[in-house]
Each structure stands twice: as structure tokens, then as C-alpha cells.
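Structural overview
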Amino acid sequence: MPDHIDHDDGKIIILEDQTMILINQTMIPLRQRYTIMHELGHYLLGHLGEEPLSRSEKECRSSEEQAADKFAIDMLAPACVLWGLHLRTAKEIAEVCRISMQAATFRAERMQLLYQRQKFLSHPLEKRVYDQFSEFIRLNQK
Ligand SMILES: [Zn+2]
């Protein structure tokens, strides 16, 4: 049963009854933000304290890492907000969301599919996120 998930950039640990995210403070702030969201993703997605059932530990870890990365990107660059700002390129997304070009490139590729689909704000929770960012969207319109 994992009681911690450890990376070079940061880690999340359970110590007695406290869960803590520890961050490598020598990283640039942009990287620290991403790592905090990644580790928070592990926590909120229930990756700590759960025994892998049928998949191997390695497969489980890999899918959990992907899920934590997706969580971080969804939090730092919400699709509906990018849509509201008409952002498409990795460069635009990196600047507005203050994420790395690598993360922004990943997000821009996903946004291409979402723009083709055109189903933004169809889920009530996405509509709530959009509403919460309405002032940000208004202030950052080109
Ligand atoms: Zn991780």
C-alpha cells in the first residue's frame, strides 16, 4: 500500500494523520505550480493508500501518472477557459496559463479535438468553471 508518491520535482506523503505535498523549491515557480497540481491530482484521484488490484504495479503507476498529469493540465488550463479566450496554439496557452511549453503543447493538441467537437459547456460542472473564470476571460480577451 503506497503511503507516498515520490518524484524528483516533488512528492506527496501521508505522515501519521497528515497528507503533505513537498516541493523542490529550486525549481522555477512555473514548474512548482504544475508539480503541486500533479501531486494534488494523486491525492484527489485516490492514488494514495490503494492496493492495485489486477494490473501490475508498474502499469498502475503509469496510468496514475497520466491521470495526475491530466488533472494538473485540466486545473491549470481548463478547456472551457481556453475556448472562451479562443486560444489554440501552445505558445498562447503557455503564456496565459503560465505552464511549460511541453504541457501547453499537450493541451493544444487536446484542444484541437475539442474545437472540432464543439461541445463546450455541455456539462453543468464545466459551465460552473466557465462562470467562475468569466472575469478572467473578460480581462484576457484579445
Ligand atoms: Zn506522479
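Residues numbered from 1 in each chain as written. Predicted model: local features only at pLDDT ≥ 70, side-chain atom pairs only at ≥ 80, totals over all residues.

**Some thoughts on the overall build of the protein chain**
On a plain count of helices and strands, the protein chain comes out with seven helices and three strands. Starting at the N terminus and ending at the C terminus, the protein chain contains elements arranged as β-β-β-α-α-α-α-α-α-α. Taken across its 142 residues, the protein chain has 22% of its residues classed as buried. Contacts in the protein chain between residues far apart in sequence, at least 24 positions, make up 55% of those at least 6 positions apart. (Helix = DSSP H or I, 4+ residues; strand = E, 2+ residues; numbered from the N terminus. Buried ≥ 20, exposed ≤ 12 C-beta atoms within 10 Å, placed from the backbone. Contact = placed C-beta atoms within 7 Å.)

**Overview of helix H1 (residues 29-44)**
With 16 residues, H1 ought to run about 22 Å at 1.5 Å a step, and its terminal C-alpha atoms sit 22 Å apart, in line with that. Glycine 46, located one to two residues past H1, shows a positive phi value of around 80°. (Expected span 1.5 Å × (residues − 1).)

**What about the environment of glycine 49?**
You can see glycine 49 is positioned in the loop between H1 and helix H2 (57-76). Measuring from C-alpha to C-alpha, the distance between glycine 49 and isoleucine 14 comes to 8.9 Å, with 35 residues separating the pair along the chain.

**Looking at the nonpolar core**
With 19 residues, the main nonpolar core has Leu76, Ala77, Ile93, Ile99 and Ala104 as its most contacted residues. Those elements that place two or more of their residues in this core are H2, helix H3 (79-84), helix H4 (90-97) and helix H5 (101-117). The residues that make up this core include at least three from each of domain 1 (1-47 + 56-76) and domain 2 (77-142). Aside from chain neighbours lying at most four places away, what touches isoleucine 99 is Leu30, Tyr34, Leu76, Ala77, Ala94 and Ala104. (Core = buried A, V, L, I, M, F, W, Y, C linked by C-beta atoms within 7 Å. Domains from an automatic or database assignment.)

**What about the pairing of strand E2 (residues 10-15)?**
Here six bridges tie E2 to strand E3 (residues 18-23), and the two strands are oriented antiparallel to one another. By the bridge assignment, isoleucine 13 is partnered in E3 with methionine 20. A loop of two residues connects E2 with E3, the two strands running antiparallel in sequence, and glutamate 16 in this loop sits at a positive phi of about 55°. (Pairing = 2+ DSSP bridges.)

**A short note on the packing of H4 against H5**
A pair of packed helices can be characterised by two numbers: the angle between their axes and the separation between those axes. At a minimum axis distance of 8 Å, the contact between H4 and H5 shows a crossing angle of 120°. When the interaxial angle is binned, H4 and H5 end up oblique. You can see that H4 and H5 cross each other, and the crossing is right-handed. On H5, the residues touching Ala90, Ile93 and Ala94 of H4 are Met101, Ala104, Thr105, Arg107 and Ala108. (Axes fitted to C-alpha atoms, helices over the stretch in contact; angles between N-to-C directions. Parallel < 35°, antiparallel > 145°, perpendicular 65-115°, else oblique. Left-handed = near helix turned anticlockwise from the far one by under 90°.)

**Let's talk about the environment of methionine 27**
You can see methionine 27 is positioned in the loop between E3 and H1. Note on methionine 27: 15 C-beta atoms within 10 Å, which makes it partly exposed. With 17 residues separating them along the chain, methionine 27 and glycine 10 place their C-alpha atoms 9.8 Å apart. Other than its neighbours up to four places away in sequence, methionine 27 contacts Asp9 and Gln32.

**Describing the confidence of the model for the protein chain**
Regions with low pLDDT should not have their predicted coordinates read in detail. Per-residue confidence for the protein chain gives a mean pLDDT of 88, with 89% of residues at or over 70. For the protein chain, strand E1 (residues 4-6) is the element with the lowest average pLDDT, namely 68, and H3 is the one with the highest, namely 97. (pLDDT = per-residue confidence, 0-100.)

**What about unusual backbone geometry?**
Even without a glycine there, the phi angle at histidine 86 is positive, about 60°. When you line up the elements, histidine 86 lands in the loop between H3 and H4.

**Notes on the environment of cysteine 80**
When you line up the elements, cysteine 80 lands in helix H3. Given 21 C-beta atoms within 10 Å, cysteine 80 falls into the buried group. Cysteine 80 sits 50 residues away from tyrosine 130 along the chain, and the two C-alpha atoms are 6.0 Å apart. Aside from chain neighbours lying at most four places away, what touches cysteine 80 is Phe120, Leu121, Glu126, Val129 and Tyr130.

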